[in-house]
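A structural walkthrough
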Amino acid sequence: MKNNNNVSTMKRKMNIVLAVLVFIGFGILIGRLYSLQIVDEDNYRISAIRQQLRPTTINAQRGTIYDRNLKTLAASATVWTVTISPAEIKDEAQLIKIADFLSELLEVDREKILERGAKKASYYEVIKQRVEKDIADKITAFTLENEIKGVHLVENSRRYYPYGRLASTVLGFTTNDNAGAYGLESHYEKVLAGTPGMVVSAKNAKSGDMPYSYERQYAPVDGNSIVLTIDEVIQHSLERHLETAVIEHNVQQRAVGIVMDVHTGAILAMSTKPDFDPNQPNVLVDPAAIARVENIEQDPEVAAILAGIADEQKRAEKLEELRLKALGEEQFAQWRNKAISDPYEPGSVFKILTGSMALDLGVTQTEGNTYHCPGFHIVAGRRKACWKAAGHGTITFTEAMKFSCNPAFMMIGAAIGPMEFDNYFERYGLKEATGIDLPGEADGIFDDYQTLAKESGEELASSSFGQTFKVTPIQLCTAVAAAVNGGKLMEPYIVSQIIDPDGNVVSETVPTMRRQVISSETSEKICGILEKVVCDPDGSGKNAYVPGYRVGGKTGTSEKLDAKENGEVTKRVSSFLGIAPANDPQICVLVLLDEAYLENVFGSVIVAPVVGAIMADILPYLGVEQQYTEAEAAKFEVKVPYVTGKAVHDAIAAVNISELKYKLSGDGVNVIRQLPAAGESCPKGSTVILYTDEETEQKMITVPSVIGLSAQQANRTILNAGLNIRLLGTEAAETGAKVSYQNPAEGEQVDEGTVVTVMFEGYTPTAAEAAAYLPKEEDIPQRPDTYTTETGLEIPAELLQ
């Protein structure tokens, strides 16, 4: 009986415990339901909506980059991204069919497509980006024919650069995701990119339609466009001449060129060569860079590393690792804009600024002060040589600049003194970045005042002719622009306007003057001196002379003091900075060749002709008028120089010095033939055709008729035909006389560049003119033996000759 009671009691207790547990369980469940349905209801409702709503991005159109004349330099074209949605692919057989088709069409690894297709929980796997329309159409047809839902095309845009490598280090490029990666594309990313849109629609777990309809579209906002100060024509000229110079002078560390509007700071052209094609930014362009990557195992350091690895497979893996590293370094190097990011010692070009300091302080005069150069100058017990070993003798300040005399400028620097030198150096903006709207601008490297003020004076002496400190090309250009534009330091810029997708101007850059550095009177004196450097026959910059234009400038050849070999300076930077027109400067052109390898690396010899050639191209384009008229040019005949066999820029310099123009035909670096021929007589201003390729055919021109035309009409007709013109009887032409004779005659086939002689009504040629220019005797109006005046007096013709 007692046992039965115990059993009953135990059952009762168990029932009570069970009831309590059930009660507690229901309590927890009810509490949880309360939490889910009441407390956290908003969070779970939002989560459910998110799972049911599938967003699709609508990419914004990236803004266009224009040159200053609204020529397109960078634009976007529609492309598609191919994606698959594994969750929508119904079975393995369909996935294999998709992989087979896409791998062949897109040239994508089939196994990678299968691998991504196996992610059944995924709705978005990228197969290939930037697919063109013809490929996208084939994919659309495939999905329709096979009733496949798991393959999608997402509309996107691809950046393209219609001029290829033009201004590539300035423009930069974009990533595969169409985001700016370098250059202006990166710096103006927020302006150009726009805001993507979105389509949101309701889908079930299998990406099918929900029983209710929901779709909402958020329109994208296209990016704004930017208008540059760059001029495509000027940029092309700069790049063409830089490319030739790099090959011509075996330049090892790239060449840099800048063309700037001195009054506003606007950059008309900027280039670094070799560069790259922004349409394929990862592809190396420089043959030397390609060779370094391909033959990296020949590098002594790499060879030493590989020699320490015994295992052949590991050695091969290490070699590939080092090759990829080298490739990356070469890619970064070709993307870098050397014009703003690489400081260098400017050398004698800096004498423009040293000279302006001295004139502004009044410690020297253009002609009043003299300096004696015996071929060296002793500073702190050290003998510092002049480039001219025999010395320049006693010279004026103007001559010191013309001859680029280092001893004279050391004396001038000492007269300025360290305090004022440091003050002007800072005022010229050389102790800070210029603030140009490009990424990656570097600061210069310079001595502080305490170093300049050392009692020895050695640092100041070297600084006076552009050594011991470094500036970037853009810093030097900006400073020299201030020296020649009236003394105003302008902030350089490269974007003039931002415009919206409808063409409305959003913002416009206003030229900014940072400070007045020197007086306008000092600036005018400097311009006059720089003109003598180029235009005087004994000036060190005479190879930059352009006939008919008042060009000024300064040469520079600086030693790379931080790149000595066995204690000796073996590497140099050759440069030239030109201004024009010198009597009212509008532009400055800086060109530097970093480590040119030739016997003569002086800037006056190898770089001045490059700047002269650029000036000859762009001054007429900018509307800068020549200083002599056509009639004056016709009165002065010159002999065509012999330039066949010369390097292109040496030939151009010889042609320019002869007061002739030139036209290049071909892409070679040496002149293989010329027209007109050497020694032929031509009017000043005639064009000499320089052929640089054997493959280039000599162009034949049909001579147009100019009989009955005015001097201006005849000149335009002949020049437009690709011929040169000689005018006889210009005095008669100035009174309205028309052309009465031409040789060669209308319709004759002649070589491009041939000189066509035209003569005006009422003019009788001299015997010398007839013999030289009018070979067809029957067509020559004969000079009478005597002339009869209105009063009947007869005068022998020879008395009037």
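Residues numbered from 1 in each chain as written. Predicted model: local features only at pLDDT ≥ 70, side-chain atom pairs only at ≥ 80, totals over all residues. Heavy atoms only, no water.

1. Comments concerning the overall build of the protein chain
Put simply, the test is: For helices the rule is a DSSP run of H or I covering at least 4 residues; for strands it is a run of E covering at least 2, with both sets numbered from the N terminus onward. We call a residue buried when its accessible area falls under 20% of the maximum for its residue type, exposed when it is over 50%, and partly exposed in between, using a 1.4 Å probe and counting protein chains only. Between two residues, a contact is recorded if the distance between any of their heavy atoms is within 4.5 Å.
Looking only at helices and strands, one finds 28 helices and 33 strands in the protein chain. Counting the 801 residues in the protein chain, one finds 48% classified as buried. At a minimum sequence separation of 6, the contacts of the protein chain that also span at least 24 residues come to 70%.

2. Focus: the pairing of strand β13 (residues 382-385)
Short version of the rule: Two strands form a pair only when DSSP identifies at least two bridges running between them.
Note that strand β12 (residues 376-379) and β13 share four bridges and pair antiparallel. Paired with H377 across the strands is K384, a residue of β13.

3. Brief notes about the sheet that holds strand β24 (residues 673-675)
This is how the line gets drawn: Whenever a helix is involved, its axis is fitted only over the stretch in contact; in every case the axis is a line through C-alpha atoms, and angles between N-to-C directions fall within 0 to 180 degrees.
Strand order in the open sheet formed by three strands is β23-β26-β24, and the pairing between neighbours is mixed. The sheet is open, and its two borders are formed by β23 (661-665) and β24, each paired with just one other strand. Between one strand axis and the next, the sheet turns through 25 degrees on average, direction left out of account. Pairing between β23 and strand β26 (residues 687-691): five bridges, direction parallel. Counterpart to K663 in the pairing with β26 is I689.

4. Focus: the nonpolar core
What counts is decided by this rule: Only buried residues count toward a nonpolar core, which is a set of Ala, Val, Leu, Ile, Met, Phe, Trp, Tyr and Cys residues joined through side-chain atoms within 4.5 Å.
Residues L184, L228, I267, M270, L353 and Y428 are the most contacted members of the largest nonpolar core, which totals 83 residues. Tallying contributions element by element places helix α20 (residues 473-484) first for this core, with nine residues. Leave out the neighbours within four places in its chain, and L353 touches Y428, L430, L476, A479, V480 and A483. Listed in part, the 51 residues of the second largest apolar core include A269, A580, V591 and A613.

5. As for the side chain of K384
Our working rule: Counting of polar contacts relies on pairs of N or O atoms within 3.5 Å, with two restrictions inside protein: one atom must be capable of donating a hydrogen and the other of accepting it, and residues adjacent in sequence are counted only when both atoms are side-chain atoms.
If you trace the backbone, K384 turns up in strand β13. On the basis of relative accessibility, which here comes to 15%, the residue K384 falls in the buried class. For K384, the side chain forms a polar contact with the side chain of S462, separated by 3.1 Å.

6. A closer look at helix α26 (residues 711-720)
Since the α-helix advances by 3.6 residues per turn, residues separated by three or four positions end up pointing in the same direction. To keep things clear, this is the line we draw: By arc we mean the arc of the directions from the helix axis to the C-beta atoms, nothing more.
Listed in full, the buried residues belonging to α26 are A711, A714, N715 and I718. Here the buried residues of α26 occupy an arc of 100 degrees about the axis, which is enough to place them on one side. Exposed positions of α26 whose direction lies more than 90 degrees from the buried face are Q712 and N720. One or two steps after α26, the chain reaches G722, where phi turns positive at roughly 90 degrees.

7. So, the pattern of salt bridges
Put simply, the test is: Here a salt bridge means any side-chain nitrogen of Lys or Arg lying within 4 Å of a carboxyl oxygen belonging to Asp or Glu.
For the structure on display, the rule yields 35 salt bridges. Among the ionic pairs, R240 bridges to D617, the shortest N-O distance being 3.0 Å. Placement of R240 in helix α9 (residues 232-248) and of D617 in helix α23 (residues 608-621) is noted, with a sequence separation of 377 residues between them. Residue D617 is classed as partly exposed on the basis of its relative accessible area of 22%. Put simply, K338 and D342 hold a salt bridge, and the shortest N to O gap is 3.6 Å. Each member of the pair K338 and D342 is classed as buried. Via salt bridges that share partners, R336, K338, D342, K560, D594 and E595 belong to a single interconnected network.

8. A word on the sheet that holds strand β19 (residues 552-559)
The five strands are arranged β10-β9-β21-β20-β19 in an open sheet whose pairing can be described as antiparallel. The open sheet has two edge strands, β10 (267-273) and β19, and neither has a second partner. Across this sheet, the average inter-strand angle for adjacent strands is 10 degrees, counted without regard to direction. Sheet topology places strand β20 (residues 572-580) next to strand β21 (residues 587-594); eight bridges connect them, and they run antiparallel. Across the sheet, F576 pairs through a bridge with V591, a residue of β21. Each of β9 (255-261), β10, β20 and β21 is contacted by α20, which is oriented at about 35 degrees to β9, the strand it contacts most.

9. Some thoughts on the packing of aromatic side chains
Under the convention used in this document: Stacked, tilted and edge-to-face are the three classes applied to pairs of Phe, Tyr and Trp rings, where Trp contributes its six-membered ring and a pair requires centres within 6.5 Å; stacked means planes under 30 degrees apart, edge-to-face means over 60, and tilted covers the rest. Criterion for a charge above a ring: Arg CZ or Lys NZ at most 6 Å from the ring centre, at most 35 degrees from the ring normal.
Considering all chains together, one arrives at 14 aromatic pairs under this definition. Note on F332 and W335: the rings are 5.3 Å apart at their centroids and 75 degrees apart in plane angle, and the pair reads as edge-to-face. With a gap of three residues between them, F332 and W335 both fall in helix α12 (residues 312-335), about one helical turn apart. The exposure class of W335 is buried, given its relative accessible area of 9%. Here F397 and F409 contribute two aromatic rings whose centre-to-centre distance is 6.2 Å and whose plane-to-plane angle is 45 degrees, an arrangement assigned as tilted. In this pair, F397 sits in helix α15 (residues 397-403) while F409 sits in helix α16 (residues 406-416), placing the two residues twelve residues apart along the sequence. Across this residue pair, the class does not change: F397 and F409 are buried. An aromatic cluster is present here, built from F173, Y182, F276, F332 and W335 joined pairwise through their rings. Just above the ring of F376 sits the side chain of R383; from NZ or CZ to the centre is 3.7 Å. The aromatic ring of Y691 is capped on one face by R673, whose charged end is 4.4 Å from the ring centroid.

10. Points about the environment of I127
Note that I127 resides in strand β4 (residues 125-131). Sequence separation between I127 and V82 is 45 residues, and the spatial gap between their C-alpha atoms is 5.5 Å. Contacts of I127, omitting those with residues within four sequence positions, involve V82, T83, I84, L106, V108, I113 and R116.

11. As for the packing of helix α3 (residues 92-106) against helix α5 (residues 133-145)
The condition that has to hold: Here roughly perpendicular refers to angles of 65 to 115 degrees, roughly parallel to angles under 35, roughly antiparallel to angles over 145, and oblique to all remaining angles. Whether a crossing is left-handed or right-handed is set by the direction in which the near helix is turned from the far one by less than a right angle, anticlockwise for left-handed and clockwise for right-handed. Here the nonpolar group is Ala, Val, Leu, Ile, Met, Phe, Trp, Tyr, Cys and Pro; Asp, Glu, Lys and Arg are the charged ones; every other residue, Gly included, is treated as polar.
Where α3 meets α5, the axes come as close as 11 Å, and the angle between the chain directions of the two elements is 165 degrees. Relative to α5, α3 is oriented roughly antiparallel. Note on packing geometry: the crossing formed by α3 with α5 is right-handed. Residues K97, I98, F101, L102, L105 and L106 of α3 lie in contact with α5, whose contacting residues are I135, K138, I139 and F142. Split by residue class, the contact of α3 with α5 holds eight nonpolar, no polar and two charged.

12. Things to note about a nonpolar patch on the surface
Rules: Exposure above 30% relative accessible area and the absence of a salt bridge qualify a residue for a patch, where like charges join within 9 Å and nonpolar side chains (Val, Leu, Ile, Met, Phe, Trp, Tyr) within 5 Å. Here the accessible surface of atoms and residues is derived via Shrake-Rupley with a 1.4 Å probe, and residues count as covered only by protein chains that are part of the display.
On the surface, a cluster of nonpolar side chains totalling about 490 Å² of accessible area is made up of L18, V22, F26, L29 and I30. Following the sequence through the fold, L29 ends up in helix α1 (residues 2-39). Since its relative accessible area comes to 45%, L29 is described here as partly exposed.

13. Overview of the packing of helix α10 (residues 287-294) against α12
Look at α10 against α12: their axes get within 9 Å of each other, and the N-to-C directions meet at 165 degrees. Taken together, the axes of α10 and α12 lie roughly antiparallel to each other. The handedness of the crossing between α10 and α12 is right-handed. Two secondary-structure elements touch here, α10 through A289, R292, V293 and E294 and α12 through R323, A326, L327 and E330. Looking at side-chain class alone, the contact of α10 with α12 contains four nonpolar, no polar and four charged residues.

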